[in-house]
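# Observations on chain architecture
In case you want the letters, here they are:
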Amino acid sequence: MVLYRKYRSQTLDELIGQQTAKNSLLSAFKAQKLAHAYLFCGPRGTGKTSTARILAKMVNCEAKEGVIPCNRCDACLSITQGTNMDVIEMDAASNRGIEDIRNLKDTIKLAASSLKKKVYIIDEVHMLSGDAFNALLKTLEEPPSHVIFILATTEVQKIPATILSRVTRIDFKQATVTEAAELIKKAAALEEIEIDEEAVLTLAKKAGGSFRDAIKFLDQLSSFKKIDSKIVLEGLGSGDFSQTLNLLKSISLKKSSDVLDKLNEQIQTGINIKELTLSLLDSLRQILYIKNGLGERFVKAENSEEKYQQLCDIAASFETDQVVFIINNIQTSLEQARYTSIPILPLEIALVESCGVEKQVRSDKQSLRSDDLQQETESQKVRELVEQQVGEPEIADTQTLQDSDNPDSSDLQKIAERWNYILETVKAYNFSLEALMRSSKILECGESSVVVEVPYAFHQRILESAKSRDLLESVFSDILGRQIKVATALGKRPVQREEVSNIEVAADDEIVRIAAEIFNSETIN
Ligand SMILES: [Zn+2]
């Protein structure tokens, strides 16, 4: 079972962080003043859908006293399992979701069949357009009393004012490192995974404010029964903190040859350059906070005691304007890395230049000493090298340039290169989905979406189930390094029946049920 589903909060109390959201829902519930339509806004992975399901259980729980929802009565259990027909989850990003919303006005009149209230949960509601929004608006204008709407969005600025004026808005915040750490610790304890404090914090930071990612990372490492920060760094391909720190020390001592030497050492161990760059930036950012007297408030909680002390020590050897200069330099190298055929070169230049930073920042106050001159020559040499690289692209470079101008082709290539990895990852969680992916192809790849072409309509329905989409979206997001939505398209049916039998063999209840449903309805028609 995917850990994230397993550790979804089941009561408001279990929800970590989100105090404002919790308070306003709880007080409205106790006063029996829940709104008929809510809009949950906030970044991905912050608990919007989990809270929507909790709310669906709260209004339908059969328990008379004690904790509501009880998570034990029939209503609660069926909602948790996702089998209750009166809790309708739609994904506005999928074709099916849009169809469902268009049909809303017909289905909404029907009373709930087993629950007190029918709950419509519409995820990614900002993806709706035109008549789907209008259909939704009509139902929000005069909602039947047996219905509650919970709309969720990551992009509230895209929601029309007409909708906003008819819903009660609840905001969800990004997870803080401390909150994400709390969740990781809880899940690790329940999974009987031993994980040290340092590793928890590294994972939590890496999650960048998403509870879902925090648990996803833990999940990726869950084959280890004991996790330390070394496993985390290797498993997630991040730079090692002590090595990052060593690099920064060499920079503070202005030893550019040491910097190049250490950089080389790290590259030999197979570290990903982008990860290394990001971990340098992360440490420098923390140093910047420390330099500005905010270390105790913001940096301490995100690090172990030892690490925090090391950061403070290194911070003492830099001036604030030096730190800013180095950060800017490294940022620029991230950009340049896209256009050079020696990927490490821009970072090398940025770090060598950073060694001469005092001179650059204070050139008006100081005259050049001879060792400064020496450094000047070194960084000049490297700079000339990169200018050759960037300025006069050879054929191979032109290709790279074209690719990065057109995200579609380079992204498609990225996916193609890692197709086996995608299949393996999917297979680990969902055997039958992997079989299905084998018979599908990637049709297009946009800034925020990947379109998967499948041969059969029931393939499409399986892919568009929340379970499959969650999994595929997190895999594609990982590979492309940005948030990706999965959409589906129906292609030509293949002649051979092989793929179909793959699906039928798969022992997945949901798939068998959907397949049977489709085949039966096709037979009847
Ligand atoms: Zn209950």
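Before reading on, note that the structure itself is shown above.
Residues numbered from 1 in each chain as written. Predicted model: local features only at pLDDT ≥ 70, side-chain atom pairs only at ≥ 80, totals over all residues. Heavy atoms only, no water.

## With respect to the sheet that holds strand 10 (residues 485-490)
- Sheet architecture is open: 3 strands sit in the order 8-9-10, paired in mixed fashion. The sheet terminates laterally at strand 8 (441-445) and strand 10, the two strands that pair on one side only. Across the sheet, the mean angle from the axis of one strand to that of its neighbour is 30 degrees, orientation sign disregarded.
- Pairing analysis gives 6 bridges linking strand 9 (residues 449-454) to strand 10, with the strands arranged parallel. When the sheet's bridge partners are listed, Glu 453 is paired in strand 10 with Ala 489. (Pairing = 2+ DSSP bridges. Helix = DSSP H or I, 4+ residues; strand = E, 2+ residues; numbered from the N terminus. Axes fitted to C-alpha atoms, helices over the stretch in contact; angles between N-to-C directions.)

## A short note on the nonpolar core
- Ranked by size, the top nonpolar core spans 30 residues in total, and within it Ile 251, Ile 330, Leu 347 and Leu 351 carry the most contacts.
- When contributions to this core are tallied by element, the ones reaching two or more residues are helix 13 (241-252), helix 14 (256-268), helix 15 (273-291), helix 17 (305-316), helix 18 (320-336) and helix 19 (345-355).
- Examining the composition of this core, we find that 6 residues originate from one element, helix 15, more than from any other. (Core = buried A, V, L, I, M, F, W, Y, C linked by side-chain atoms within 4.5 Å. Buried < 20%, exposed > 50% of the residue type's maximum accessible area, 1.4 Å probe, protein only.)

## Considering helix 24 (residues 419-429)
- Among all positions in helix 24, only Ile 422, Leu 423, Thr 425 and Val 426 are buried. Projected onto a plane normal to the axis of helix 24, the buried residues spread over an arc of 165 degrees and lie on a single side. Exposed residues on helix 24 whose side chains face more than 90 degrees from its buried face are Asn 420 and Ala 428. (Arc of directions from axis to C-beta.)

## Remarks on the coordination of the zinc ion
- Protein coordination at the zinc ion comes from Cys 61 (SG), Cys 70 (SG), Cys 73 (SG) and Cys 76 (SG), with a distance range of 2.3 Å.
- Considering all 4 donor atoms around the zinc ion, the spread of angles at the metal, 99 to 120 degrees, places the coordination shape in the tetrahedral class.
- Read N to C, the donor residues that coordinate the zinc ion are spaced as C-x8-C-x2-C-x2-C. Of the two residues, Cys 61 and Cys 70, neither departs from the other in class, the shared state being buried. (Donors = N, O, S within 2.8 Å, 3.2 Å for Na, K, Ca; no water. Tetrahedral: all angles 85-135°; square planar, octahedral: opposite > 155°, others 65-115°.)

## Quick notes on the sheet that holds strand 5 (residues 168-171)
- Pairing is parallel in the open sheet, where 5 strands are placed in the order 2-3-4-1-5. Among the strands making up the open sheet, the edge pair consists of strand 2 (87-91) and strand 5. Neighbour to neighbour, the strand axes of the sheet diverge by 20 degrees on average, direction disregarded.
- Both strand 1 (residues 37-41) and strand 5 contribute to a ladder of 4 bridges, which runs parallel. Looking across to strand 5, one finds that Tyr 38 is bridged to Thr 168.

## Quick look at the pattern of salt bridges
- Tallied over the full model, the rule gives 21 salt bridges.
- The partner of Arg 44 in a salt bridge is Asp 213, and the shortest N-O contact between them spans 3.1 Å. Taken as a pair, Arg 44 in the loop between strand 1 and helix 3 (48-60) and Asp 213 in helix 11 (residues 211-220) lie far apart in primary sequence, 169 residues in all.
- Classification of Arg 44 as partly exposed rests on a relative accessible area of 22%.
- Here Asp 213 falls in the buried class, since its relative accessible area comes to 10%. (Salt bridge = Lys/Arg side-chain N within 4 Å of Asp/Glu carboxyl O.)

## Observations concerning the environment of Ile 121
- When you line up the elements, Ile 121 lands in strand 3 (residues 118-123).
- The exposure class assigned to Ile 121 is buried, which follows from its relative accessible area of 3%.
- Through-space distance from the C-alpha of Ile 121 to that of Tyr 38 is 9.5 Å; in sequence the pair is 83 residues apart.
- With sequence-adjacent residues up to four places away left out, Ile 121 is seen in contact with Ala 52, Arg 53, Val 87, Ile 88, Glu 89, Met 90 and Ile 150. (Contact = heavy atoms within 4.5 Å.)

## Brief notes about the pairing of strand 4 (residues 147-153)
- Counting buried positions along strand 4 gives 7 out of 7 residues, so the element sits mostly inside the fold.
- Burial along strand 4 is two-sided: the residues Val 147, Phe 149, Leu 151 and Thr 153 and Ile 148, Ile 150 and Ala 152 are all buried.
- Two elements, strand 1 and strand 4, share 5 bridges in a ladder whose sense is parallel. Of the residues in strand 4, the one forming a bridge with Ala 37 is Phe 149.

## Details of helix 11
- Of all 10 residues in helix 11, 8 are buried, a share of seventy percent or more.
- Along helix 11, the residues classified as buried are Phe 211, Asp 213, Ala 214, Ile 215, Lys 216, Phe 217, Leu 218 and Asp 219.

## Here we look at the packing of aromatic side chains
- Tallying each qualifying case throughout the model produces 4 aromatic pairs.
- The interplanar angle of 20 degrees and the centroid separation of 5.3 Å between the aromatic rings of Tyr 120 and Phe 149 together place this pair among those described as stacked. Within this pair, whereas Tyr 120 is found in strand 3, its partner Phe 149 is found in strand 4, the two being separated by 29 residues in sequence. By the burial criterion, Tyr 120 is buried, and Phe 149 matches it.
- The interplanar angle of 70 degrees and the centroid separation of 5.6 Å between the aromatic rings of Tyr 289 and Phe 298 together place this pair among those described as edge-to-face. (Phe/Tyr/Trp six-rings, centres within 6.5 Å; stacked < 30°, edge-to-face > 60°.)

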